[in-house]
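One letter stands for each residue in the lines below.
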Amino acid sequence: MWYLCVFYHRLLDYRRPEVQSLAELFGGPGAGDAVEWRLPENHHVDSPFHLVRLPGDERLAAQIANRSLLVKGIYELWGQGTTYEELEKSVMEYPEERKLPYLTPESTFKIVVDSFGKVISFQEQNEIMKSLTYIPFKGRVNLKKPDHKFFVMETDDYGCNNGLPPVAQRTIFFGREVGAADRHLLPTYQLKSRKYIGPTAMDAEMAFLMANQGLARPGKLVYDPFVGTGSILVAAAHFGAMTMGADIDIRVVRDGRGPDCNIWSNFEQYKLPEPLCVLRADNNVPPWRPGLKEIFDAIICDPPYGVRAGGRKSGGRKLLKGTVAPYTVPDEKRGNHIPSTAPYSLAECVHDLLHLAARMLVMGGRLVFFYPVIREDGIANPAKYPEHPCFKLIASCEQILSMRYSRVLLTMVKVGPYTEEVEKEAEQWHREFRENHHKWMEEGNLHSAVFSPAEQAADGKPAIDRDSKPKYRGKTFHLFANAEDEPPRSDQGSAKFRGFNTG
Amino acid sequence: MRLLTHNMLASNARGASTGYPLKLQVVKWTTKEAEPNADFLRGMLPKLDWAALVAATHSLGLPGLLPESPPTDAELSADGAADDEGSALRRLHRALLEIHIEEGTLVCPDTERCFPISKGVPNMLLHEDEVRN
């Protein structure tokens with residue numbers, strides 16, 4: 001059945017993949033791929049209004065909406081139109097047998113008037129509700145806990161909607177709510193009230209989205225090899241998953257900021273089961289026993305790529321370059337010796353992560369991680385994402401962080417078993433990848449690309465004019481083309497994009 | 001550190017052939033009760049090195065906790081197993097998940113390298129001269 005799916009107007013790239021992941025989680029294997037999407041007429045792909053067909057009954061729709069972070073609501077669409085007259089006609093044509101069960105005298109209901117890109121005054125809202133007399137509501141009104149919630153949603157017909165390209169005509173939707181996101185958990189888990197956080201702690205909303213992409217749920221084991229203060233595992237544990245984490249920094253994982261402010265206290269704070277295990281280990285030299293494989297259901301992480309926190313691995317810099325022999329630790333100092341570490345380049349870090357995931361994930365398990373992308377000219381450089389023969393990329397969601405760079409949340413599914421032949425093939429892929437991306441993936445390059453001073457144009461002004469920075473930072477869009485198509489990430493698209501915002 | 005973790009780890013220092021199983025020297029351990037999850041345990045069972053797990057319970061002085069051979073999937077999913085203190089499910093749950101080693105050492109069987117466990121966190125990081133090149 002087709003539903004109207006209305007999203008919160010944020011993290012645009014993450015919205016459809018989240019719904020599909022949750023369809024897979026609640027609907028079983030293959031359900032995520034079976035989800036179909038359409039756009040209402042004249043709507044851009046970044047519009048909050050989408051039409052979705054879910055492979056299951058209304059219960060599945062409710063489960064998806066209730067667990068999601070970005071779905072404002074999933075509705076059974078009773079009618080739509082560009083005017084209230086058209087809406088009436090459309091609702092009247094909707095089959096009676098679909099409507100009547102929700103209009104019975106025993107039931108309670110509530111009508112909400114909502115809008116996108118405009119404000120509807122209280123008085124106007126009342127008038128809109130009164131105009132709905134053609135729907136035979138028999139039940140009693142209950143504003144607090146109604147059995148059925150009905151929504152009138154209106155989009156604007158002028159200018160641009162929150163920076164989106166204008167909708168050629170206004171659209172009014174009328175629908176019955178099937179489920180809606182519970183964003184109450186965001187204030188509960190917000191970082192500012194969490195006891196133990198670090199400079200790279202994952203924002204609560206993003207951590208939940210990552211846990212959804214990783215299909216975290218009871219009975220599953222989620223691993224974060226760059227656990228830090230545990231912010232991603234907290235989200236996974238909230239959804240009932242068992243968690244495990246590792247980090248190279250012993251102070252972060254063992255000591256924290258004291259006995260009441262450490263990884264464990266973060267789990268206590270939310271009354272979540274503590275991680276099965278937190279260990280100090282180096283992803284570059286992983287401490288897994290021979291023969292151990294296919295043990296994690298998901299690996300969810302934010303690898304250090306050298307912008308806010310640089311990666312480290314075992315072995316000193318000079319040691320790895322071969323200019324000095326390894327420092328031999330005197331026996332009496334072995335107990336408390338702190339080994340030196342060397343910078344860990346992005347290419348190597350990603351290679352080790354894919355290798356770990358290929359070996360340690362169960363078949364069908366998911367690898368969810370952030371990957372940095374340099375934006376050139378305000379457009380994400382369509383850099384090739386890392387690949388591995390065991391994995392299929394199913395979602396890539398861009399989050400724009402600055403004019404200079406973005407991070408992309410990659411979701412990969414393990415589709416092939418890990419064997420020695422596969423490992424050889426993976427090494428070959430990695431070498432090619434590293435050669436092609438050598439320039440910017442080297443140690444420190446990403447950092448300088450993000451933080452170096454702005455280039456100066458000939459007249460002494462900065463090359464990037466910040467005042468003309470487009471307010472709308474979603475994907476490039478086309479004004480007149482078929483909105484069903486995904487917009488291309490090309491220079492041509494960029495020209496249109498600019499033209500619209502300045503013109 | 002739980003015994004589940006012990007079952008997964010090995011020494012990867014230079015000179016170790018398999019580095020497994022790590023000998024467990026315990027200074028302090030505690031028990032924390034947790035809710036058993038039969039699905040999780042059943043999924044984990046085939047991935048365990050049973051002999052190493054049994055040996056680890058012996059080094060804690062709990063020789064009777066686990067049988068010499070692993071339980072079957074049917075035993076773990078038997079009705080009422082979660083509520084019966086002595087059931088295979090509850091014993092496996094206790095061994096894998098309820099025993100916490102707070103302070104101690106993991107010793108590499110090949111090189112005698114000691115990996116300290118402190119505040120429940122095993123430190124598997126190698127020194128400069130131990131990393132394999």
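Residues numbered from 1 in each chain as written. Chains lettered and ligands numbered in written order. Predicted model: local features only at pLDDT ≥ 70, side-chain atom pairs only at ≥ 80, totals over all residues. Heavy atoms only, no water.

Chain B is annotated in an unreviewed UniProt entry as Multifunctional methyltransferase subunit TRM112-like protein of Leersia perrieri. Listed in UniProt under the heading Sequence similarities (unreviewed entry), the comment for chain B reads: "Belongs to the TRM112 family." In its Subunit (unreviewed entry) section, the UniProt record describing chain B reads: "Interacts with TRM9." (UniProt positions renumbered as here; feature names shortened; annotations may be inferred.)

An unreviewed UniProt entry annotates chain A as tRNA (guanine(10)-N(2))-methyltransferase of Leersia perrieri. UniProt annotates chain A under Subcellular location (unreviewed entry) with the comment "Cytoplasm". Recorded in UniProt for chain A, the comment headed Sequence similarities (unreviewed entry) runs: "Belongs to the class I-like SAM-binding methyltransferase superfamily. TRM11 methyltransferase family."

Caption draft 1: Just the overall build of chain A, in detail. Looking only at helices and strands, chain A has 17 helices and 18 strands in total. Relative to its 503 residues, chain A shows a buried fraction of 54%. For chain A, the share of sequence-separated contacts (at least 6 apart) that also reach a separation of at least 24 residues comes to 73%. Carbon and sulfur atoms make up 51% of the accessible area of chain A, which totals about 23300 Å². (Helix = DSSP H or I, 4+ residues; strand = E, 2+ residues; numbered from the N terminus. Buried < 20%, exposed > 50% of the residue type's maximum accessible area, 1.4 Å probe, protein only. Contact = heavy atoms within 4.5 Å. Areas by Shrake-Rupley, 256 points an atom, 1.4 Å probe, with all protein chains shown as cover.)

Caption draft 2: The overall build of chain B, seen in detail. When its secondary structure is counted, chain B shows 5 helices and 4 strands. Evaluated residue by residue, chain B yields a buried proportion of 52% over its 133 residues. Long-range pairs, those at least 24 residues apart, make up 67% of the contacts in chain B with a sequence separation of at least 6. Counting only carbon and sulfur atoms, one obtains 50% of the accessible surface of chain B, whose full area is about 5700 Å².

Caption draft 3: Spotlight on the side chain of Glu-76 of chain A. Residues and elements named next belong to chain A. Mapped onto the fold, Glu-76 is located in strand β4 (residues 71-81). Exposure remark for Glu-76: the relative accessible area of 0% places this residue in the buried category. Separated by 2.8 Å, the side chains of Glu-76 and Arg-98 make a polar contact. Dropping the residues within four chain positions of it, Glu-76 is found in contact with Met-1, Tyr-3, Tyr-94, Arg-98, Tyr-102, Phe-174, Gly-175, Arg-176 and Val-178. (Polar contact = N/O pair within 3.5 Å; in protein donor to acceptor, adjacent residues only side chain to side chain.)

Caption draft 4: Region of interest: the interface of chain A and chain B. With 42 residues of chain A in contact, the opposing surface of chain B contributes 33 residues. If you look at where chain A meets chain B, you find 3 salt bridges. Arg-2 of chain B serves as the salt-bridge partner of Glu-274 of chain A, at 3.8 Å between the closest nitrogen and oxygen. The interface formed by chain A and chain B includes 14 residue pairs in polar contact (both at pLDDT 80 or more). Broken down by class, the residue content of the side of chain A that touches chain B amounts to 28 nonpolar, 5 polar and 9 charged. (Salt bridge = Lys/Arg side-chain N within 4 Å of Asp/Glu carboxyl O. Nonpolar A, V, L, I, M, F, W, Y, C, P; charged D, E, K, R; others polar.)

Caption draft 5: Local environment of the confidence of the model for chain A. Residue and element names in this part refer to chain A. Here chain A averages 83 in pLDDT, and 79% of its residues register 70 or above. By mean pLDDT, the top-scoring element of chain A is helix α9 (residues 231-238) (97), and the lowest-scoring one is helix α17 (residues 491-502) (32). Low pLDDT, under 50, characterises residues 467-472; the stretch is placed with 11 contacts to residues that sit more than four places away or in other chains. Counting contacts from residues 475-503, a segment whose pLDDT is below 50, to residues more than four positions away or on other chains yields 53 contacts. (pLDDT = per-residue confidence, 0-100.)

Caption draft 6: Spatial organisation of the packing of aromatic side chains. Per the counting criterion, the structure on display carries 18 aromatic pairs over all chains. Note that Arg-407 of chain A overlies the ring of Phe-370 of chain A, its terminal NZ or CZ placed 4.1 Å from the centroid. The residue whose ring lies beneath Arg-113 of chain B is Phe-115 of chain B, and the NZ or CZ to ring-centre distance is 4.5 Å. (Phe/Tyr/Trp six-rings, centres within 6.5 Å; stacked < 30°, edge-to-face > 60°. Lys NZ or Arg CZ within 6 Å of the ring centre and 35° of its normal.)

Caption draft 7: Molecular detail of the sheet that holds strand β4 (residues 121-122) of chain B. Residues and elements named next belong to chain B. The strand order β1-β2-β3-β4 describes an open sheet built from 4 strands, whose pairing is antiparallel. The open sheet has two edge strands with one neighbour each: β1 (23-31) and β4. Taken strand by strand, helix α5 (residues 88-98) contacts β1 and β2 (99-107), and its axis lies near 60° from that of β2. (Pairing = 2+ DSSP bridges. Axes fitted to C-alpha atoms, helices over the stretch in contact; angles between N-to-C directions.)

Caption draft 8: Quick peek at the confidence of the model for chain B. In this model, chain B carries a mean pLDDT of 90, and residues with pLDDT of at least 70 account for 98%. Per-element confidence in chain B is highest for helix α1 (residues 3-8) of chain B, whose mean pLDDT is 95, and lowest for helix α4 (residues 73-76) of chain B, whose mean pLDDT is 88.

Caption draft 9: Structural view of the packing of helix α8 (residues 204-213) of chain A against α9 of chain A. All names here are of chain A. Where α8 contacts α9, the two axes come as close as 8 Å, and the packing angle between them is 60°. With respect to α9, the element α8 is oriented oblique. α8 and α9 meet at a crossing whose hand is right-handed. Counting all contacts with α8, which are made through Ala-207, Phe-208, Met-210 and Ala-211, the residues of α9 involved are Ser-231, Ile-232, Ala-235, Ala-236 and His-238. (Parallel < 35°, antiparallel > 145°, perpendicular 65-115°, else oblique. Left-handed = near helix turned anticlockwise from the far one by under 90°.)

Caption draft 10: Spatial organisation of the pattern of salt bridges. On inspection of all chains with the given rule, the structure shows 23 salt bridges over all chains. The partner of Glu-205 of chain A in a salt bridge is Arg-183 of chain A, and the shortest N-O contact between them spans 3.0 Å. Here Glu-205 of chain A, found in helix α8, pairs with Arg-183 of chain A, found in the loop between β8 (172-179) and α7 (185-189); they are 22 residues apart in sequence, far enough to count as distant. Each member of the pair, Glu-205 of chain A as well as Arg-183 of chain A, carries the same accessibility label: buried. A salt bridge links Lys-32 of chain B to Glu-274 of chain A; the nearest nitrogen and oxygen atoms lie 3.6 Å apart. Taken together, the residues span two chains, with Lys-32 of chain B in the loop between β1 and α2 (38-44) and Glu-274 of chain A in the loop between α11 (263-269) and β11 (277-280). Relative accessible area serves as the criterion here: at 24%, Glu-274 of chain A is assigned to the partly exposed category. Connected through shared salt-bridge partners, Glu-58, Glu-76, Arg-98 and Arg-176 of chain A make up one network.

Caption draft 11: Structural context of the nonpolar core. All names here are of chain A. Ranked by internal contacts, the top residues of the largest apolar core, which has 147 residues, are Leu-54, Trp-288, Phe-296 and Leu-367. With 9 residues, the top contributor of residues to this core is helix α13 (residues 346-360). Mapping this core onto the domain boundaries places at least three of its residues in each of domain 1 (2-183) and domain 2 (186-449). Discounting chain neighbours no more than four positions away, the residues touching Leu-54 are Met-1, Tyr-3, Val-19, Val-35, Leu-60, Ala-61, Ile-64 and Ile-74. In terms of nonpolar packing, the next biggest core, distinct from the first, is built from 19 residues, Tyr-84, Ile-120, Phe-150 and Val-152 among them. (Core = buried A, V, L, I, M, F, W, Y, C linked by side-chain atoms within 4.5 Å. Domains from an automatic or database assignment.)

Caption draft 12: Structural context of the pairing of strand β17 (residues 391-400) of chain A. Residues and elements named next belong to chain A. Pairing of β17 with strand β18 (residues 405-414) involves 9 bridges; the strand directions are antiparallel. Counted as the bridge partner of Ser-396 is Leu-410 from β18. Hairpin connection between β17 and β18: a loop of 4 residues separates the two successive antiparallel strands.

Caption draft 13: Unusual backbone geometry, seen in detail. Backbone torsion omega between Tyr-20 of chain B and Pro-21 of chain B reads -10°, so that peptide bond is classified as cis. Of note, Pro-21 of chain B is situated in the loop between α1 and β1. At Leu-215 of chain A, a position not held by glycine, the phi torsion is positive, near 55°. Relative to the elements of secondary structure, Leu-215 of chain A occurs in the loop between α8 and β9 (221-224). Overall, the relative accessible area of 12% leaves Leu-215 of chain A in the buried class.

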